[in-house]
Amino acid sequence: KKLIRTSIQGVLINFDRKYLNFAGELAVLNNLLKSKTYRLKQVEAKLPNGKSLDFSLQSLIGGSITQVEVMNIHLDESKVSADEEAISKFLTGRITDKFNEKRDGLKENADFFIVPVLWGNWESIKIYSDYFKKHTSPVEYAIEPVAHVRFTDGVRYFDHRFGRVSGLFKNTNFNNNENKIS
């Protein structure tokens with residue numbers, strides 16, 4: 001609990017869109033720990049070049065260390081299209097830039113994974129969901145993006161989902177262009 005105090009404080013003091021970045025980090029960490037595969041070892045793990053990675057996790061089977069960098073991507077809905085080549089190019093560019101930024105100045109390789117978190121309206125997230133139902137991550141050191149989507153029954157019930165984009169829209173209904181849970 002002490003390890004994630006900074007992330008929680010970040011959520012509480014940032015009332016602009018940046019709070020989503022902290023929420024994304026916490027949601028990714030929550031999903032990783034809920035898998036019962038990892039234990040949190042360190043937050044903001046320092047690299048030899050002075051930069052840091054969001055989480056250092058220890059495998060509960062074998063004890064190996066996995067380092068994770070969460071990358072929040074705020075989608076511009078006016079630029080999102082179902083063009084698969086454009087999606088691949090966009091993600092490859094953004095993720096590669098982040099990876100190179102973290103590795104800049106290192107004399108040896110730093111092994112870590114990037115977990116992209118997509119933020120946008122449900123229509124944009126649905127386009128990425130459809131893409132990842134057919135494709136894997138275009139970059140080997142990044143996993144499939146995760147995202148948050150809110151569904152409604154059209155009356156009062158809301159269902160919030162956070163997870164891999166390819167699975168977010170299971171058991172949903174899209175009548176009248178609304179995101180409804182069935």
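Below is a summary of the structure that appears in this document. (Residues numbered from 1 in each chain as written. Predicted model: local features only at pLDDT ≥ 70, side-chain atom pairs only at ≥ 80, totals over all residues. Heavy atoms only, no water.)

Let's talk about the overall build of the chain
Piece 1. Counting its secondary structure elements, the chain contains four helices and eight strands.
Piece 2. In the chain, the succession of helices and strands from N to C terminus is α-α-β-β-β-α-β-α-β-β-β-β.
Piece 3. Sorting the 182 residues of the chain into buried and exposed places 40% on the buried side.
Piece 4. In the chain, the proportion of contacts linking residues at least 24 apart, taken out of those at least 6 apart, comes to 53%.
Piece 5. Total accessible area on the chain stands at roughly 10,900 Å², and carbon and sulfur atoms take up 49% of it. (Helix = DSSP H or I, 4+ residues; strand = E, 2+ residues; numbered from the N terminus. Buried < 20%, exposed > 50% of the residue type's maximum accessible area, 1.4 Å probe, protein only. Contact = heavy atoms within 4.5 Å. Areas by Shrake-Rupley, 256 points an atom, 1.4 Å probe, with all protein chains shown as cover.)

Some remarks on the pattern of salt bridges
Piece 1. Taken as a whole and assessed by the stated rule, the structure comprises five salt bridges.
Piece 2. Here Glu84 makes a salt bridge to Lys134, at a shortest N to O gap of 2.5 Å. Highlighted residues: Glu84 in helix α3 (residues 84–103) and Lys134 in helix α4 (residues 122–134), separated in sequence by 50 residues.
Piece 3. By relative accessible area, Glu84 is classed as partly exposed at 29%.
Piece 4. A salt bridge links Asp130 to Lys133; the nearest nitrogen and oxygen atoms lie 3.8 Å apart. Within this pair, Asp130 and its partner Lys133 are both found in helix α4, separated by three residues, close to a single helical turn.
Piece 5. One salt-bridge network, in which partners are shared between bridges, spans Glu69, Lys98 and Lys102. (Salt bridge = Lys/Arg side-chain N within 4 Å of Asp/Glu carboxyl O.)

Some details on α3
Piece 1. Over its 20 residues, α3 runs 28 Å from end to end, which matches the ideal 28 Å to within 8%, given 1.5 Å per residue.
Piece 2. Those residues of α3 that sit buried are Ile87, Leu91, Ile95, Lys98, Phe99 and Lys102. Projected onto a plane normal to the axis of α3, the buried residues spread over an arc of 100° and lie on a single side. Those residues of α3 that are exposed and angled more than 90 degrees off the buried face are Glu85, Lys89 and Asp97. (Expected span 1.5 Å × (residues − 1). Arc of directions from axis to C-beta.)

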